[in-house]
Amino acid sequence: MKNFTPVIALALFLQCVSVSADSLRINNATIMTMGSMGTLREADVFIENGEITAIGADLPGAADQVIDADGAIITPAMFAGATTTGLVEVSAVSESVDSSVSETPLGKLHVEFDVRRAYSPHSSLLGITRSEGFGYSLLAATGGQFSIAGVGSLVDFDGGFDSFSGSDTVFIDVDGYSSRKVGGSRAAHWMLLEGAMADLQRRASEQEYLTQAGRNILKRLKADGIFVFSANRAADIKQVLKFVGDHNIKAVIVGAREAWMLAEELADSDIPVMVNGLDNLPADFDSLGARLDNAALLSEAGVTVMFTSDETHNARKIRQGAGTAVAYGMDYDLALQAMTTTAAEVFEGRSRVLAEGNSADLVVWSGDPLEVTSYAIQVIIEGEPISMVSRQTKLLERYLPEDAGMGRAYINR
Amino acid sequence: MTHPNRVEVFTGTLLATSLATSLCLADTPFPSTYQPPSHTPTLITNATILTGTGQKLEAANLYFVDGKIVAVGQDQPNLSEETRIIDANGGWVTPGIIDVHSHLGVYPSPGVDAHSDGNEATAPVTAEVWAEHSVWPQDPGFGRALAGGITTMQILPGSANLFGSRGVTLKNVASITYQGMKFPDAPYGLKMACGENPKRVYGRKGSGPSTRMGNIAGYRAAWIKATDYRDEHANYAALSDVEKKEVSKPKRDLELETLAGVLDGEIIIHMHCYRADEMMTILDLAKEFNYRVGTFHHGVEAYKISAELAENGVCGALWADWWGFKMEAYDGIQENIALVDRPEGSCSVVHSDSDEGIQRLNQEAAKAMSRGNKAGMDIPPERAIKWITSNAAKSLGINDQTGSLTVGYMADVVIWSGNPFSVYTKANQVFIDGVERYNRNDPTKQPVSDFELGQLLEVSQ
């Protein structure tokens, strides 16, 4: 992250003097802290050794590097939703995809399948998504055999090989679509999951549903982990509520298209949801109640709402879903929280609020961060202005000149 | 509207039906039965109008009567007595939005297997099938798209095949039949597909093509047959009645009839193609067989050949930000639409290929406009709106009837709650041929498909 390159867009909006990166200050910004300080106008932020050391108006002190934000909005780096970033390069190239396991050798649930073992920070997706204003994601296991897809956790987009944080998180399918994986009925999901929980009480030799490794991991997950259930139908969400209560586990529901029908119960049970703000079609018989004000109704009832986009390559599209949720009644500040700090809290990572003592992961925006015409001018990860260059910006620079000279292959190598 | 017997077919008298059968069906099977109902003459005042022809008019009026635009501009037109006046309060007005690439009806919601009618994936060349015969008019997606300002769309088959099927252009009006939606006299499209999809589908089946060179050979073989078929039928038609008695009438072949329609310039090619090199190969193929490629769809690498597309008069129907879901989509960039738009004579189109995207094609255009401007291209809203209106109409061969707010054109109009290039803006009122088909503030003007009737959401509201 040392080779900070001032790109064209940056030069247009910001004045940036780069020396070394021990300290950095950003002047004259509209800082949406997402914390107790609220939104500060014409404010500065001071960063030392990757940490925010001060936020406020007219901060004193010189820094090695200064960015004049010229009034631009700053938010914490955004949450990209549940993605498989770092687990995929091209979706239709199977050898570049590691997010799911379908043909496991044993006919058991595999809680021990941990996608973090397949993570690579060098995937082009990471640089592309990060330069669009995103600092972290929930690294998800997808699909898989039977009901349990596997384990993941939060992953920070700082380029490290093992930049995982927060609690271990297990991904579980209980919807109608995935019932084909368990013999044809979604009731079989609960049969298997109850069996797996019962295995925790059985001796190793008597386990029916889990391997020994899986049993150890499920035990830990039950105590300290988070269970992410994929469900849309209200009746399925009701079953999740029952399971969570019976087993006293921490849970999140992803999809949740009909969750608005159970908003009060979800709020009372303190179960957060992760929704796609663009879902409004009866895409299947689990989603007859999908509606664009789902996020608004849930957050109004006090449910903790996060967003996801069902996309990994185009994870950046998640902002459009959040903006749409606002257009259909969600409180703007709650939507922006959902896009920045909420997931870090829910999945028990470090605080992403812009506050003294917190890691400096933030974005300078060209405009309203939930607006489709806005974009990230500069992303700062752990105090470092990252390179905003990606495969995609390099392709643009290669094809933007109308004169190809010796040929495009010689431009911007 | 030139169909001589449409009124009679619509009213369904016995005589008229038999007339229609004898006069029309051979030439125009499955004819449109769409007839816009009458409407009150309508004046929209105090609007910021994007005309679709590249102009932005402030504090302007739009007047339409009998389904046609009568006046647009700052001047106050002469109104008929019973005119409905809508004060847009400075709100934005655009032509109805047109999506050139939709699978509504052929891959409808709910997306169950029984509804999977978009790919006749049984042979690489199936030019004999017509997408309209798969359209389920009760797809709830049509109503959702209407709420996003979509007034016209082309329904295409999927891309499993080298030649997929005829596409059909529909008006976004609720109807029990697709014929009731069919855009009168719009040219048919023919969907063709390049690259990974056909070779994957037929490579797995072992029948081929299994390579890109196999794809090209497949197209060429089909065009050779089609050329012979076209010539055979043309030669027969040129004979005198006496001569015709001496030779046998050439047999009709549905597949070759469609391909011959392309060679005759009556059917427009809509070519699914991602890679720049493949698109250039397809342009050479079109030269070899003397037909025209109307539009490249998806064209994730179209920005690499934007000058060539403009020179050849080919539209590029593109996404704002999709990439990476397969190898041929790996080089996708968000400036694609703006770069394709840049050369003189270009035809950049934003398409959806998605039941979600079609609901907010204005936002897709907004994203593309913003990225173009970020890259230093100066694209104002009045230009970007063309990507989803007049350029889209050109792609479908209906730009002499709709796609812009031009006097005499169909009154396909959207009144927006604000600047349409924003995530917060909604289509408030949608007019098709002058008829208010959607009103956000009036539940009686919000169509509900039969499928949704009595279902959970409908009951709960």
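Residues numbered from 1 in each chain as written. Chains lettered and ligands numbered in written order. Predicted model: local features only at pLDDT ≥ 70, side-chain atom pairs only at ≥ 80, totals over all residues.

1. Structural notes on the domain arrangement of chain A
Interface size is often expressed as the accessible area that is lost when the parts come together. Residue and element names in this part refer to chain A. We count it as follows: In this document the domain limits rely on a domain assignment from an automatic tool or a database. A run of H or I in DSSP counts as a helix once it spans at least four residues, and a run of E counts as a strand once it spans at least two, with each numbered from the N terminus. Residues are grouped as follows: nonpolar covers Ala, Val, Leu, Ile, Met, Phe, Trp, Tyr, Cys and Pro; charged covers Asp, Glu, Lys and Arg; every other residue, Gly included, is treated as polar.
Partitioning chain A into structural domains gives domain 1 (8–76 + 361–399) and domain 2 (78–346). Of note, the centres of domain 1 and domain 2, computed from C-alpha atoms alone, are 31 Å apart. At the level of secondary structure, the elements contributing two or more residues to the side of domain 1 that touches domain 2 comprise β6 (73–76), β16 (376–381) and α11 (391–399). In terms of residue count, β16 provides more of the side of domain 1 that touches domain 2 than any other element does, 3 residues in total. When grouped by side-chain class, the residues that make up the side of domain 1 that touches domain 2 number 12 nonpolar, 3 polar and 4 charged.

2. Comments concerning the environment of B:V129
Residues and elements named next belong to chain B. Put simply, the rule is: The exposure scheme places C-beta atoms from the backbone and then counts, for each residue, the other C-beta atoms within 10 Å of its own, assigning buried at 20 or more, exposed at 12 or fewer, and partly exposed in between. Residue pairs are scored as contacts if the distance between their C-beta atoms, which are placed from the backbone, is within 7 Å.
By the secondary structure assignment, V129 is in the loop between β6 (97–102) and α3 (140–147). Assessed through the 20 C-beta atoms surrounding it within 10 Å, V129 is described here as buried. Sequence-distant contacts of V129, that is, excluding residues within four places in its chain, are made with E120 and S165.

3. Section: the interface of chain A and chain B
Taken together, the contacts link 34 residues of chain A with 40 residues of chain B. Residue assignment for the side of chain A that touches chain B shows that the elements contributing at least two residues are α8 (318–327) and α11 of chain A. Examining the composition of the side of chain A that touches chain B, we find that 5 residues originate from one element, α8(A), more than from any other. A class-by-class count of the residues in the side of chain A that touches chain B yields 19 nonpolar, 10 polar and 5 charged.

4. Considerations on the packing of helix α5 (residues 212–238) of chain B against helix α8 (residues 276–289) of chain B
Residue and element names in this part refer to chain B. Note the threshold: Axis angles are defined between N-to-C directions and span 0 to 180 degrees, where every axis is a line fitted to C-alpha atoms and, for a helix, only to the segment in contact. The cut-offs work like this: below 35 degrees is roughly parallel, past 145 is roughly antiparallel, 65 to 115 is roughly perpendicular, and the gaps in between are oblique. For any pair of crossing helices, the crossing counts as left-handed if the nearer helix is rotated counterclockwise from the farther one by less than a right angle, and right-handed if it is rotated clockwise.
The interhelical angle for the contact between α5 and α8, taken along N-to-C directions, is 20°, at an axis separation of 11 Å. In terms of axis orientation, α5 runs roughly parallel to α8. Pair α5 / α8 crosses with right-handed handedness. Contacts between α5 and α8 involve I216, Y219, R220, W223 and T227 on the former and, on the latter, T281, L285 and F289. Tallied by class, the residues present in the contact of α5 with α8 amount to 5 nonpolar, 2 polar and 1 charged.

5. Observations concerning the pairing of strand β3 (residues 39–48) of chain A
Residues and elements named next belong to chain A. Heads up, the condition is: DSSP bridges decide pairing: two strands pair if at least two such bridges lie between them.
Strand direction decides the pairing type here: strand β2 (residues 23–32) and β3, joined by 7 bridges, are antiparallel. Of the residues in β3, the one forming a bridge with A29 is A43. Counted along the chain from β2 to the antiparallel partner β3, the turn is 6 residues long, and its residue M34 has a positive phi close to 65°. Direction of pairing for β3 relative to strand β4 (residues 51–56): antiparallel, over a ladder of 5 bridges. From the neighbouring strand, I47 faces β4, where its bridge partner is I52.

6. Some points on the environment of B:A411
All names here are of chain B. Within the secondary structure layout, A411 lies in the loop between α13 (390–396) and β14 (413–416). A411 sits 146 residues away from G265 along the chain, and the two C-alpha atoms are 28 Å apart. Look past the residues within four positions of A411 in its chain and what remains in contact with it is F64, G67, K68, I69, F431, D433 and G434.

7. So, the sheet that holds β6(B)
Residues and elements named next belong to chain B. Across the sheet, which stays open at both edges, the 8 strands sit in the order β6-β7-β8-β9-β10-β11-β12-β13 with mixed pairing between neighbours. Among the strands making up the open sheet, the edge pair consists of β6 and β13 (348–350). Averaged over all neighbouring strand pairs, the angle between strand axes comes to 25°, with direction disregarded. With 4 bridges joining them, strand β11 (residues 293–298) and strand β12 (residues 315–318) adopt parallel strand pairing. Across the sheet, residue H298 finds its bridge partner in β12, namely L318.

8. What to know about the sheet that holds strand β11 (residues 226–231) of chain A
Residues and elements named next belong to chain A. With mixed pairing, 8 strands are arranged side by side in an open sheet as β7-β8-β9-β10-β11-β12-β13-β14. Lying at the two open borders of the sheet, with one neighbouring strand each, are β7 (78–83) and β14 (305–307). On average, adjacent strands in this sheet sit at an angle of 25° to one another, irrespective of strand direction. As paired strands, strand β10 (residues 164–173) and β11 are joined by 5 bridges and run parallel to one another. Paired with D173 across the strands is S230, a residue of β11. Lying over the sheet, helix α9 (residues 332–340) contacts β7 and β14, oriented at roughly 60° with respect to β14.

9. Comments concerning the packing of α5(B) against helix α7 (residues 254–263) of chain B
Residue and element names in this part refer to chain B. Contact pair α5 / α7: the axes reach a minimum separation of 8 Å and the direction vectors enclose 85°. Judged by the angle between their axes, α5 and α7 are roughly perpendicular. Contacts between α5 and α7 involve A222, W223, K225, A226, T227, Y229, R230 and H233 from the former and L256, L259, A260 and L263 from the latter. Considered class by class, the residues forming the contact of α5 with α7 number 8 nonpolar, 2 polar and 2 charged.

10. Quick word on the pairing of strand β5 (residues 92–95) of chain B
Residues and elements named next belong to chain B. Sheet topology places strand β1 (residues 42–50) next to β5; 2 bridges connect them, and they run parallel. Following the sheet pairing, T48 is matched in β5 by W92. Strand direction decides the pairing type here: β5 and β14, joined by 3 bridges, are antiparallel. Looking at the pairing, T94 lines up with V414 of β14.

11. A short note on helix α5 (residues 234–247) of chain A
Residue and element names in this part refer to chain A. Operational definition: The length a helix should cover is 1.5 Å for every residue beyond the first. Arc, as used here, means the arc of the directions from the helix axis to the C-beta atoms.
The end-to-end C-alpha distance of α5 is 20 Å, a good match for the 20 Å that 14 residues give at a rise of 1.5 Å each. Within α5, the full set of buried residues consists of D236, I237, V240 and F243. Projected down its long axis, α5 shows its buried positions confined to an angular sector of 115°, all on one face. Every exposed residue of α5 that faces more than 90 degrees away from the buried side is listed here: K242, G245 and D246. Looking at the residues trailing α5, positive phi occurs at N248, about 55°.

12. Observations concerning the environment of A:G127
Of note, A:G127 is situated in helix α2 (residues 124–130). Counting along the chain gives 264 residues from A:G127 to A:R391, while the straight-line C-alpha distance between them is 8.3 Å.

13. Quick word on unusual backbone geometry
Here the amide bond leading from B:S109 into B:P110 is cis, since omega sits at -5°, within 30 degrees of zero. Turning to its location among the elements, B:P110 is positioned in the loop between β6 and α3. The step from B:G208 to B:P209 runs through a cis peptide bond, and the omega angle for that step is 5°. Secondary-structure assignment places B:P209 in the loop between α4 (196–205) and α5. Even without being a glycine, A:F146 presents a positive backbone phi close to 55°. Turning to its location among the elements, A:F146 is positioned in the loop between β8 (134–139) and β9 (148–156).

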